[in-house]
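Each chain, letter by letter, is given below.
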Amino acid sequence: EQLNSQSMTGIDSLDDDWTPVFHGQGLALCGMARAAVNLFRENIDAIVLLACKGYRIRLTGHSLGGGVASLLGTLIRRHLNLLKNIGDSSNKATLPNT
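Bear in mind the structure is a predicted one, so any value in this text is a computation, not a measurement.

The rules behind the values
- Residues numbered from 1 in each chain as written.
- Predicted model: local features only at pLDDT ≥ 70, side-chain atom pairs only at ≥ 80, totals over all residues.
- Heavy atoms only, no water.
- Patch = residues over 30% accessible without salt bridge, like charges linked within 9 Å, V, L, I, M, F, W, Y side chains within 5 Å.
- Areas by Shrake-Rupley, 256 points an atom, 1.4 Å probe, with all protein chains shown as cover.
- Salt bridge = Lys/Arg side-chain N within 4 Å of Asp/Glu carboxyl O.
- Helix = DSSP H or I, 4+ residues; strand = E, 2+ residues; numbered from the N terminus.
- Buried < 20%, exposed > 50% of the residue type's maximum accessible area, 1.4 Å probe, protein only.

Attention shifts here to a nonpolar patch on the surface. On the surface, Leu50, Tyr55, Ile57 and Leu59 cluster together into a nonpolar patch covering about 350 Å² of accessible area. Mapped onto the elements of the fold, Ile57 is located in the loop between α2 (30-52) and α3 (64-89). For Ile57, a relative accessible area of 35% translates into the label partly exposed.

Now the structure itself:
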C-alpha cells in the first residue's frame, strides 16, 4: 500500500523519493544519491591522486550528510577497486589495497 504524501510534499507517493542504486540491490533517497554522485564526479581525480600517494581516505557526515558520505564511500571504493584491478592486469599496481 502506497502512502499518499501529496499534502506534505506535493508528490503522488513516497516511492517518488527513492531511487534504486547498485543494480537494484538497494534504495537511496534521490537527493542523497544525486549529491553523492555529484561529489564523486567533482572530486574523484583528487581522491585517486591522494590514494596513489598512500593517503587513507575518510568520509564523515552528520545525519543527512552521513548518508551521503556512506553512498560516496561506496562509489569511491568501487572505483578504486576497478582501477586496482586494471593496474593488476597490466602488472602495474597503481593503488594500495583498499
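With that out of the way, let us pick up unusual backbone geometry. Notably, Ser63 is not glycine yet its phi reads approximately 60 degrees, a positive angle. Note on placement: Ser63 falls in the loop between α2 and α3. Classification of Ser63 by relative accessible area gives exposed; the value is 60%.

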